[in-house]
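Coordinate inspection notes
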Amino acid sequence: MRDYLLCLFVLINLQPANARAQEKPEPFIVLSEFQVWADASGPEVYRELNRLYLTKGRCHSFLLYPRYEYFLWNADRMKRWVDEAVALEAFNVFCLGDDTRTAQGRLIESSGLNPKLAETYFQIVEYAHDQGLMVAVEPVGLPKSRDEQHFTAWLRTWIGPDIPKQRRADIIKLSIEWFGAYKNRPEIAEELEAFFNACREVNPDVLVYIDSISRQWRRPQALHRWLLSQYPGTIVSHYLNVDQVDAFRAIGARNMMVQINPCEADFGPAHLFLYFHETVTFLQKAMDKRVRYLSLAGVNYAYSRRDFDLFLDVIRPHLSLAPDIASLRQSLVPDEINEPATKEDVKSQLME
């Protein structure tokens, strides 16, 4: 037995160095996003979520509306979430998801940065930058008139040149949900073009990526083919699993991103607890597909440092995080859409 083990040891160590190297995990994740929503104001919110769960079997924060006082943006509390993101050593982007409305409104409203929350917002962005993170924002309150003129004025209030660089976001997470995609609005391509043009005018350093949401948008549509032809090198994110990655890669999309909400991981939103198993499974599948851009969202609901620290072990061996926005841009690959679409194609499809 001893001789057998000795021979086995020798054989293993006689393997070529490159064969052993191939066994090492490959680092390929360039962007890892820690997205928070407006915080629950206190323990009474979780008691109410529990009541909802016991009676309805789900407890999404939106079900608590119109009790907007249940949610708040607070600079000191958000700084602690920044500290959590840093401590986990698995993120390079801190994202403010403006999904949840508060008693003071949203961070960014249809007129621009909310004056009631402006200083809170700027303090959070500045603190995240000071801690070495890039900052992303997912705005919900788009201008009512979605043309280039109104987008330009709106963007100037929070990423404009008059705002100190340390207080400006680096990334805009642009969800087509907030453009009314679920209603199949035929003018959506025109509005997205106006947004991209306005953003380039106001602050060309800001990176815009697209959140493509669910339903039919999980499959390549004319909108995707047009957008990725018009703006090659745009990251396209999808929500909750990786089933759509292969289909989008097949049409020539080269910068796929996936998002997991650990408190919504089985399409049964329950902002009261984490879906640990589902989150691990999702992350493992994302690693199998070598997805380079990753988002964990709603992390301040049902958060557990222990659980996050454990399931992030799935991605840690693959991290090669960009330190800044310039490095992140260098990671992008021009899309090669094999059947480009026009804005007219988008309009026709959505009018059918």
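Read on for a plain summary of the structure. Values in this document were obtained by computation on a predicted structure and should not be read as measured data. (Residues numbered from 1 in each chain as written. Predicted model: local features only at pLDDT ≥ 70, side-chain atom pairs only at ≥ 80, totals over all residues. Heavy atoms only, no water.)

Points about the overall build of the protein chain
Each helix and strand counted, the protein chain has 13 helices and 12 strands in total. By the compact-globule yardstick of 20 Å for 352 residues, the protein chain fits well, its C-alpha radius of gyration being 22 Å. Across its three principal axes, the protein chain shows a C-alpha extent of roughly 80 × 50 × 45 Å. Pairs at least 24 apart in sequence give 77% of the contacts found in the protein chain among residues at least 6 apart. For the protein chain, the exposed area adds up to about 15900 Å²; of that, 50% sits on carbon and sulfur atoms. (Helix = DSSP H or I, 4+ residues; strand = E, 2+ residues; numbered from the N terminus. Rg over C-alpha atoms; globule rule 2.2 N^0.38 Å. Contact = heavy atoms within 4.5 Å. Areas by Shrake-Rupley, 256 points an atom, 1.4 Å probe, with all protein chains shown as cover.)

Overview of empty space enclosed by the protein
Using the criterion set out here, one finds one cavity of 30 Å³ or more in the structure. There is about 40 Å³ of room inside the largest cavity. Around the largest cavity, the lining residues are I176, I210, S212, L223, H224, L227, L228 and V236. Sort the elements by how many residues they give to the lining of the largest cavity and helix α8 (residues 222-230) lands first, with four residues. For the lining of the largest cavity, the class distribution of residues is six nonpolar, two polar and no charged. (1 Å grid on protein atoms, 1.4 Å probe; cavity = no way out; pocket = protein on both sides within 12 Å on 5 of 7 lines; lining within 4 Å. Points joined across faces, edges and corners; volume = space filled by probe spheres on them. Nonpolar A, V, L, I, M, F, W, Y, C, P; charged D, E, K, R; others polar.)

Quick word on the layout of surface pockets
Any space left empty among the atoms is revealed by the rolling of a water-sized probe across them. Roughly 530 Å³ of volume is contained in the largest pocket. Taken together, 24 residues make up the lining of the largest pocket; nearest its centre are H60, E177, Y182, Y239 and E264. Class assignment of the residues belonging to the lining of the largest pocket gives a composition of eight nonpolar, nine polar and seven charged. Computed from the structure, the second largest pocket encloses a volume of approximately 300 Å³. Around the second largest pocket, the lining is made up of 15 residues, and of these H129, K165, R168, D170 and I325 lie nearest the centre. By residue class, the composition of the lining of the second largest pocket is six nonpolar, four polar and five charged.

Remarks on the side chain of Q221
In this structure, Q221 sits in the loop between β9 (207-211) and α8. On the basis of relative accessibility, which here comes to 12%, the residue Q221 falls in the buried class. Within the structure, Q221 has its side chain in polar contact with the side chain of Q349 (distance 3.4 Å). For Q221, the contacting residues outside a window of four places in its chain are Q216 and Q349. (Buried < 20%, exposed > 50% of the residue type's maximum accessible area, 1.4 Å probe, protein only. Polar contact = N/O pair within 3.5 Å; in protein donor to acceptor, adjacent residues only side chain to side chain.)

Examining the pattern of salt bridges
Enumeration over the complete set of coordinates arrives at 19 salt bridges. With a shortest N-O distance of 3.7 Å, K173 and E33 are connected by a salt bridge. Here the residue K173 occupies a position in strand β8 (residues 171-175), and E33 occupies one in strand β1 (residues 31-36), the gap between them amounting to 140 residues. With respect to burial, K173 and E33 carry one shared label: buried. Here the salt bridges do not stand alone but share partners, grouping R146, R185, E187 and E191 into one network. (Salt bridge = Lys/Arg side-chain N within 4 Å of Asp/Glu carboxyl O.)

Notes on the environment of A85
By the secondary structure assignment, A85 is in helix α4 (residues 75-87). Overall, A85 belongs to the buried group, its relative accessible area being 0%. The spatial distance from the C-alpha of A85 to the C-alpha of W154 is 29 Å, given a sequence separation of 69 residues. Discounting residues that sit within four places of it in the chain, A85 has contacts with F34, F91, F94 and L133.

Things to note about the nonpolar core
Within the largest apolar cluster, 111 residues are counted, with the highest numbers of intra-cluster contacts made by F94 and W158. Element by element, the count of residues in this core is highest for helix α7 (residues 188-202), at nine residues. When neighbours within four sequence positions are excluded, W158 is seen to be in contact with I108, L113, Y121, V137, P139, I163, R167, R168, A169 and I172. One finds L207, Y293, I325 and L328 within the second-largest nonpolar core, a separate group that totals 16 residues. (Core = buried A, V, L, I, M, F, W, Y, C linked by side-chain atoms within 4.5 Å.)

Comments concerning the sheet that holds strand β10 (residues 236-239)
Across a sheet, strands are paired by hydrogen bonds formed along the backbone, either parallel or antiparallel in direction. Taken together, eight strands build a closed barrel; the order of strands is β1-β4-β7-β8-β9-β10-β11-β12 and the barrel is parallel. Neighbouring strand axes in the sheet, compared pairwise and without regard to direction, differ in orientation by 25° on average. Across four bridges, the pairing between strand β11 (residues 256-260) and strand β12 (residues 293-297) is parallel. Bridging from a neighbouring strand, M257 pairs with Y293 of β12. (Pairing = 2+ DSSP bridges. Axes fitted to C-alpha atoms, helices over the stretch in contact; angles between N-to-C directions.)

What to know about the packing of α4 against helix α5 (residues 118-130)
The interhelical angle for the contact between α4 and α5, taken along N-to-C directions, is 20°, at an axis separation of 9 Å. Relative to α5, the element α4 is oriented roughly parallel. Along this stretch, α4 crosses α5, giving a crossing that reads as right-handed. Counting all contacts with α4, which are made through A75, M78, K79, V82 and D83, the residues of α5 involved are T120, Q123, I124, Y127 and A128. (Parallel < 35°, antiparallel > 145°, perpendicular 65-115°, else oblique. Left-handed = near helix turned anticlockwise from the far one by under 90°.)

Considering the pairing of strand β7 (residues 134-138)
A large share of β7 lies buried, amounting to five of its five residues. Judged by which residues are buried, β7 turns out to be covered on both faces: M134, A136 and E138 on one side and V135 and V137 on the other are all buried. Relative to β7, strand β4 (residues 93-97) runs parallel, the two being bridged by five bridges. When the sheet's bridge partners are listed, G97 is paired in β7 with E138. In this sheet, β8 lies alongside β7 in parallel orientation, the contact comprising two bridges. Directly across from A136, in β8, lies its bridge partner I171. The parallel pair β7 and β8, bridged by helix α6 (residues 148-159), forms a crossover whose chirality is right-handed. (Right-handed = clockwise from strand over helix to strand, strands pointing away.)

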